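Residue-level listing of the chains:
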Amino acid sequence: RRALRIEPQNAALLYDYACCLFSLAGGDKDARLRRRAAAALKLSERRGSGDAELLERIGETYRHFGYSRRAENAFQSALERLDECFRALIGLAELALDQGKLAHVVHNFSAANEVTQNSALKRWTRSEADYFTRLSDDDNYMELEVSRMNLLDKLSRWKGTAFQVAIYSIPMIVAGLIFDEPLLTDAGWLVPAGALLAWAAMSIIFKMLMPR
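What counts as what
Residues numbered from 1 in each chain as written. Predicted model: local features only at pLDDT ≥ 70, side-chain atom pairs only at ≥ 80, totals over all residues. Heavy atoms only, no water. Helix = DSSP H or I, 4+ residues; strand = E, 2+ residues; numbered from the N terminus. Buried < 20%, exposed > 50% of the residue type's maximum accessible area, 1.4 Å probe, protein only. Areas by Shrake-Rupley, 256 points an atom, 1.4 Å probe, with all protein chains shown as cover. Lys, Arg positive; Asp, Glu negative; His and termini not counted. Charge placed at Lys NZ, Arg CZ, Asp CG, Glu CD. Core = buried A, V, L, I, M, F, W, Y, C linked by side-chain atoms within 4.5 Å. Contact = heavy atoms within 4.5 Å. Axes fitted to C-alpha atoms, helices over the stretch in contact; angles between N-to-C directions. Parallel < 35°, antiparallel > 145°, perpendicular 65-115°, else oblique. Nonpolar A, V, L, I, M, F, W, Y, C, P; charged D, E, K, R; others polar.

Caption draft 1: Region of interest: the overall build of the chain. Scanning the chain from N- to C-terminus turns up 11 helices and 0 strands. Going from the N terminus to the C terminus, the chain shows its helices and strands as α-α-α-α-α-α-α-α-α-α-α. Projecting the C-alpha coordinates of the chain onto the three principal axes gives extents of approximately 75 × 50 × 30 Å. A burial count over the chain gives 36% of its 212 residues as buried. When the accessible surface of the chain is totalled, it reaches about 13400 Å², and 57% of it is carbon and sulfur. Here the chain contributes 28 positive and 27 negative side-chain charges, whose respective centroids are spaced 8 Å apart.

Structural data, given as C-alpha cells:
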C-alpha cells in the first residue's frame, strides 16, 4: 500500500499487490480480501493494457483463482498487442480444455507451436496438439482415455486410503506390546503390512497407466 501511494499508476506493482491479497485471502479464507484482490488485478489489467507480457501473467492469475472469463479477455488482449504470445496461447488452450472445447485446444496448441523457437516447447506443444486432435477425431480413443483417467482417479483415492489404514494401525501394535497381547500385536503388524503392499501395488499400476 505504501508503494502504491508513491506509484499509483504502476500496473506491475498493482499486479504484485493483487497476488499478495489473493495469497492472504486464500490462507484466511477471507471473501472480502479476495474481492479486493480481484479489483486490484482488474485495475492492473486496465493500467497495463499496453504490456502484453503483463497481460499474460494477469490472465494466468485470473485462471488460477477461477476467473475464467476475465482470464480469456486478458489473454486475448495480450494477443492483440503481440501476435506471438506463447503463454497467452497456452492459457487459452487450457481455458478451452476446462470448457471441453477440443477444437480450440488443438488450435491454440498448434498456434503456440508455431510461435515458439524453443525445441523442447515445440515438441511439447506438437505432442499436445496431436493428442487432443486424436481425442477429438477418434471416439473409441476418447472412451479409452476417459476410462484410464477415471481409473487413475480411483487409484489415487485408494492409495490414500491404504496409507491411512497403515498409519492408523500403529496404535494396535503399541497397545499389543503394552498389554502383552500377542494376537493384537500380530494383527497390528498384519494390517499395515497388507495396506502397504496394496499401496505399493497400486503405485506401480498408477505409474504404468500414467503415460497416454
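Caption draft 2: Representation of the nonpolar core. Residues Leu41, Ile58, Phe109 and Phe132 are the most contacted members of the largest nonpolar core, which totals 45 residues. Every element with two or more residues in this core is listed here: helix H2 (11–28), helix H3 (31–47), helix H4 (52–64), helix H5 (68–81), helix H6 (86–98), helix H7 (102–115) and helix H8 (119–137). Setting aside residues no more than four positions away along its own chain, Leu41 makes contact with Tyr15, Ala18, Phe22, Ile58, Thr61 and Tyr62. Core analysis: the second largest hydrophobic core is formed by 5 residues, Leu152, Ala162, Met202 and Phe206 among them.

Caption draft 3: The arrangement of the packing of H8 against helix H9 (residues 139–168) in detail. Look at H8 against H9: their axes get within 5 Å of each other, and the N-to-C directions meet at 110°. Of the possible angle classes, the one that applies to H8 and H9 is roughly perpendicular. Of H9, the residues touching H8 (which contributes Tyr131, Arg134, Leu135 and Asp137) are Asp139, Tyr141, Met142, Glu145 and Arg148. Residues belonging to the contact of H8 with H9 are distributed by class as follows: 4 nonpolar, no polar and 5 charged.

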